[in-house]
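# Understanding the architecture of this molecule
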There are 2 protein chains.
Amino acid sequence: MTTEEKIFNAARSVFQQKGYAGARMQEIADEAGINKAMLHYFFRSKEQLFKAVFLNAFYQIAPQMNEIFNSSDSLFIKIEKFTENYISFVKKNRFLPAFIIQEMNNNPQFVKEVLSNEARPNPAKLIKQVQEEMEKGIIKTMNPKQLLLDIFSMTVFPFAAQTLVKAILEISDEEFEIFLEERKKHITEQIINAIKR
Amino acid sequence: MTTEEKIFNAARSVFQQKGYAGARMQEIADEAGINKAMLHYFFRSKEQLFKAVFLNAFYQIAPQMNEIFNSSDSLFIKIEKFTENYISFVKKNRFLPAFIIQEMNNNPQFVKEVLSNEARPNPAKLIKQVQEEMEKGIIKTMNPKQLLLDIFSMTVFPFAAQTLVKAILEISDEEFEIFLEERKKHITEQIINAIKR
DNA sequence: TTTTAGTTTAACCATTTGGTTAACAAAAAT
DNA sequence: ATTTTTGTTAACCAAATGGTTAAACTAAAA
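Residues numbered from 1 in each chain as written. Chains lettered and ligands numbered in written order. Predicted model: local features only at pLDDT ≥ 70, side-chain atom pairs only at ≥ 80, totals over all residues. Heavy atoms only, no water.

## Examining the protein's contact with DNA strand D
Surveying the vicinity of DNA strand D reveals 14 residues, the closest of which are A:Thr3, A:Tyr41, B:Arg24, B:Lys36 and B:Lys46. Each atom of DNA strand D within 4 Å of the protein was assigned to sugar, phosphate or base; sugar and phosphate come to 60%. Side-chain polar atom of A:Tyr41 to a phosphate oxygen of DNA strand D: 2.9 Å apart, as the coordinates give it. B:Arg24 is positioned with one of its side-chain polar atoms (N or O) 2.6 Å from a phosphate oxygen of DNA strand D. For the surface near DNA strand D, the secondary structure elements donating two or more residues are helix 3 (36-43) of chain A together with helix 3 (36-43) of chain B. (Near = heavy atom within 4 Å. Polar contact = N/O pair within 3.5 Å; in protein donor to acceptor, adjacent residues only side chain to side chain. Helix = DSSP H or I, 4+ residues; strand = E, 2+ residues; numbered from the N terminus.)

Structural data, given as structure tokens:
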């Protein structure tokens, strides 16, 4: 692993757990096991290092989503694939959703920069598909964006609000693993039951 | 308004928008229109001031929830009341959910402290009620905690991930207001359609 | 009218923090 | 073999930041 990679990995770990404002350059250097000056040698500033980490995180999730959004599967299959895919991925990157959401809320100016890229999550095609299936009478009529937000909410929220959710529902760390696995199927069933005619 | 109140309000505003790590004592003083020393005079330290704000925020939401959780209404009515109530409240306190979630993730040690209070959101009774309605055959059988998390997710997530949601679904600030109003009924319908036999 | 207790401010302080510099080492290019 | 480029470190710096202090001010109590 090159020094630059060491730095990037350490930065990802620290930024994702403490956020931009809470992260310390020294801590990143320590975790990477290198001198603090190297951070600036490779990434110039805290802001640029953060940007690298943030964009990487974002563009790691987005393409996966778009692949499903834009595939030729039926809506029901897409919902199933999305929950399955997303939960499996985020299980391996536990802090990602909370991190992205937190930093987008704290630095709304990022939004434009991040979403100008072609790799942004773009549900346009999926929305069109939902509308078509409504017109065909396959599913109930509703605002497609509300439906999309339902799926998104049910899938992402348990990770984004992890600490709170575990505490309120009194779920231990081990139980949470099982709970998430169970949730893949649960979300799919709930959504399909809710919208099918 | 007393100086202490001015400080508290300013602190709430700054902490909720920037989080603990991103907030600056000087900024809070400026927003309160008073000298920085007053913050320490009344609240001793940044940490204590933050704690006051955070606990206040938390205990503002929790009792409302419990009131609904523990009422004698039927499940369907409770769901309706919860979404209606929560969305209306949070519309007036836009940064609350993201703030609470962010700080609980960043300082998990808070969890014990916050949730030891009797004012914590406690869905135990609601879970029992769900189980009973399942046994009676009124609603489909499923893990009650999954169902609770569904309701919670669909209601809270749009606020917690506000910036992201608006950006991805391409909803303007004004449209978002209407969208949220529409969402009250939408969530209720979706959930009830999903679980009713 | 004088105490006294609480309130407010400007100036100050110590530490933290992001960032820089200059010397040095190792590798690449000549 | 020697120069040049790249990588690495320790020491340092200026600004920011949470916190303190001592003096001034205010209003109510004595």
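## As for the relation of the copies chain B and chain A
Each copy superposes on the other: chain B lies on chain A with an RMSD of 0.1 Å after a rotation of 180 degrees and an axial shift of 0.0 Å. Taken together, the rotation angle and the small translation identify this as a two-fold axis. Every residue of chain B has its C-alpha some distance from the rotation axis, and the shortest such distance is that of B:Ala194, at 2.0 Å. When the interface residues of chain B are mapped onto chain A, 100% of them again fall at the interface, so both copies present the same face. (Least-squares fit on C-alpha atoms with pLDDT ≥ 70 in both. Contact = heavy atoms within 4.5 Å.)

## Some thoughts on helix 5 (residues 75-91) of chain B
Residues and elements named next belong to chain B. End to end, helix 5 covers 24 Å across 17 residues, agreeing with the expected 24 Å (1.5 Å per residue, within 8%). Taken as a whole, helix 5 has its buried residues at Leu-75, Lys-78, Ile-79, Phe-82, Thr-83, Tyr-86, Ile-87, Phe-89 and Val-90. Along the long axis of helix 5, the arc covered by the buried residues comes to 165 degrees, so they all point the same way. Buried residues belonging to helix 5 abut helix 4 (46-69), helix 6 (96-106), helix 8 (124-135), helix 9 (144-160) and helix 11 (173-195). (Expected span 1.5 Å × (residues − 1). Buried < 20%, exposed > 50% of the residue type's maximum accessible area, 1.4 Å probe, protein only. Arc of directions from axis to C-beta.)

## Observations regarding the side chain of B:Thr83
Residue and element names in this part refer to chain B. Within the secondary structure, Thr-83 is located in helix 5. What makes Thr-83 buried here is its relative accessible area of 0%. Apart from residues no more than four positions distant in its own chain, Thr-83 is found in contact with Thr-155, Lys-184, Ile-187 and Thr-188.

## Focus on the packing of helix 2 (residues 25-32) of chain A against helix 3 of chain A
Residues and elements named next belong to chain A. The N-to-C vectors of helix 2 and helix 3 enclose an angle of 100 degrees; their axes lie 8 Å apart at closest approach. Taken as axis vectors, helix 2 and helix 3 run roughly perpendicular relative to one another. Along the contact surface, helix 2 presents Met-25, Gln-26, Ile-28 and Ala-29, while helix 3 presents Lys-36, Leu-39 and His-40. Its residues assigned to classes, the contact of helix 2 with helix 3 shows four nonpolar, two polar and one charged. (Axes fitted to C-alpha atoms, helices over the stretch in contact; angles between N-to-C directions. Parallel < 35°, antiparallel > 145°, perpendicular 65-115°, else oblique. Nonpolar A, V, L, I, M, F, W, Y, C, P; charged D, E, K, R; others polar.)

## Focus: the environment of A:Glu181
All names here are of chain A. Structurally, Glu-181 can be placed in helix 11 (residues 173-195). Judged by relative accessible area, Glu-181 falls into the partly exposed class, the value being 38%. For the pair formed by Glu-181 and Ile-87, sequence separation is 94 residues and the distance between their alpha carbons is 7.9 Å. At 2.6 Å, the side chain of Glu-181 forms a polar contact with the side chain of Lys-184.

## Topic: the domain arrangement of chain A
All names here are of chain A. Domains assigned within chain A are domain 1 (1-44) and domain 2 (54-195). At the junction of the two partners, domain 1 supplies eight residues and domain 2 supplies seven residues. Buried area between domain 1 and domain 2, both sides added, is near 570 Å², and the carbon and sulfur share of it is 60%. The interface formed by domain 1 and domain 2 contains zero salt bridges. Summed over the shared surface of domain 1 and domain 2, the number is one residue pair in polar contact (both at pLDDT 80 or more). Tallied by class, the residues present in the side of domain 1 that touches domain 2 amount to three nonpolar, three polar and two charged. (Domains from an automatic or database assignment. Buried area = accessible area lost by both parts, 1.4 Å probe. Salt bridge = Lys/Arg side-chain N within 4 Å of Asp/Glu carboxyl O.)

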